[in-house]
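Chain and residue survey
Spelled out, the chains give:
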Amino acid sequence: MLYTNVVIASLRGKLISKRPESLTVDVGGVGYSVQVPLTLLSSLPEENRDVFLYIYTHVREGAIQLYGFQAEDEKRIFTTLIGISGIGPKVALNILSTIPPDNFHNAINSEDVDVLCRVPGLGKKTAHRLILELKGKLPSIKEKKDTIYDDTLSALVNLGYKKNIAHDALEKAYNNGYRDIESLLRESLKYLTKE
């Protein structure tokens with residue numbers, strides 16, 4: 001059977017389990033197994049808490065695999081990487097598990113083969129090919145949060161919260177995928193009132 005129209009772009013649900021190789025996220029009673037970069041594990045909430053992930057749905061003969069990312073930038077780098085001949089999802093995930101997105105950008109643009117060779121299973125030949133194919137072509141990484149983030153932070157400060165405490169709560173809400181002022185404010189206040 002060929003699955004050509006199956007695309008899951010994101011998941012919001014309860015984090016059931018997290019292991020180095022994958023997560024299980026419960027969405028409406030259905031448990032989705034999602035492979036994630038190792039760097040994501042430390043920023044995930046505790047089990048049985050809500051989580052939001054950007055998802056890349058990888059379809060191949062007889063199998064659908066989900067790859068999850070906390071930021072759209074990581075997902076874009078992942079999809080760019082697997083578009084390169086010889087780079088599959090496993091190698092792309094290893095790259096994102098070993099090198100943070102901004103460092104990966106810098107390594108490609110400065111042609112730093114040594115940084116790229118830190119990735120398990122990535123030799124000099126492949127590193128040179130990545131540089132050749134990706135230099136100047138990687139999707140840009142956002143330098144700064146958008147104005148909605150800044151406006152929400154300002155609203156929290158106006159409500160009487162100290163800026164650093166408000167920022168921490170807002171960062172958690174933002175990393176869980178909330179992007180409009182109303183939901184960012186609501187979720188941030190949930191974190192702030194728990195403390």
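Attention here is on the structure that accompanies the text.

Bringing the nonpolar core into the picture now. In this structure, Phe78, Leu81, Phe104, Ile108, Leu116, Leu130 and Leu134 are the most contacted members of the largest nonpolar core, which totals 26 residues. Ignoring anything within four residues of it in the chain, the contact list for Ile108 reads Leu116, Leu130, Ile131, Leu134, Lys135 and Leu138. If you look at the next biggest cluster of nonpolar residues, it comprises 13 residues, including Val34, Val36, Leu41 and Leu44.

Before going further, it helps to examine the pairing of strand β5 (residues 63-69). The pairing of strand β3 (residues 30-35) with β5 spans two bridges and is classified as parallel. Opposite Gln35, over in β5, you have Tyr67 as the bridge partner. Judged from the seven bridges that link them, strand β4 (residues 50-60) and β5 form a sheet pairing that is antiparallel. Note on β5: the bridge partner recorded for Val59 is Ile64. Counted along the chain from β4 to the antiparallel partner β5, the turn is two residues long, and its residue Gly62 has a positive phi close to 75°.

This part takes up the layout of surface pockets. If you roll a probe as big as a water molecule over the atoms, it shows you where there is empty space left. If you add up the space inside the second largest pocket, you get close to 410 Å³. Lining the second largest pocket are 19 residues, with Pro45, Arg49, Asp50, Asn176 and Tyr191 positioned closest to its centre. Counting residues per element, the ones that place at least two in the lining of the second largest pocket are β4, α8 (163-175) and α9 (181-194). Looking at the lining of the second largest pocket element by element, the count peaks at four residues for α9. Here the residues of the lining of the second largest pocket sort into six nonpolar, four polar and nine charged.

What counts, and at which threshold
- Residues numbered from 1 in each chain as written.
- Predicted model: local features only at pLDDT ≥ 70, side-chain atom pairs only at ≥ 80, totals over all residues.
- Heavy atoms only, no water.
- Core = buried A, V, L, I, M, F, W, Y, C linked by side-chain atoms within 4.5 Å.
- Buried < 20%, exposed > 50% of the residue type's maximum accessible area, 1.4 Å probe, protein only.
- Contact = heavy atoms within 4.5 Å.
- Pairing = 2+ DSSP bridges.
- Helix = DSSP H or I, 4+ residues; strand = E, 2+ residues; numbered from the N terminus.
- 1 Å grid on protein atoms, 1.4 Å probe; cavity = no way out; pocket = protein on both sides within 12 Å on 5 of 7 lines; lining within 4 Å.
- Points joined across faces, edges and corners; volume = space filled by probe spheres on them.
- Nonpolar A, V, L, I, M, F, W, Y, C, P; charged D, E, K, R; others polar.

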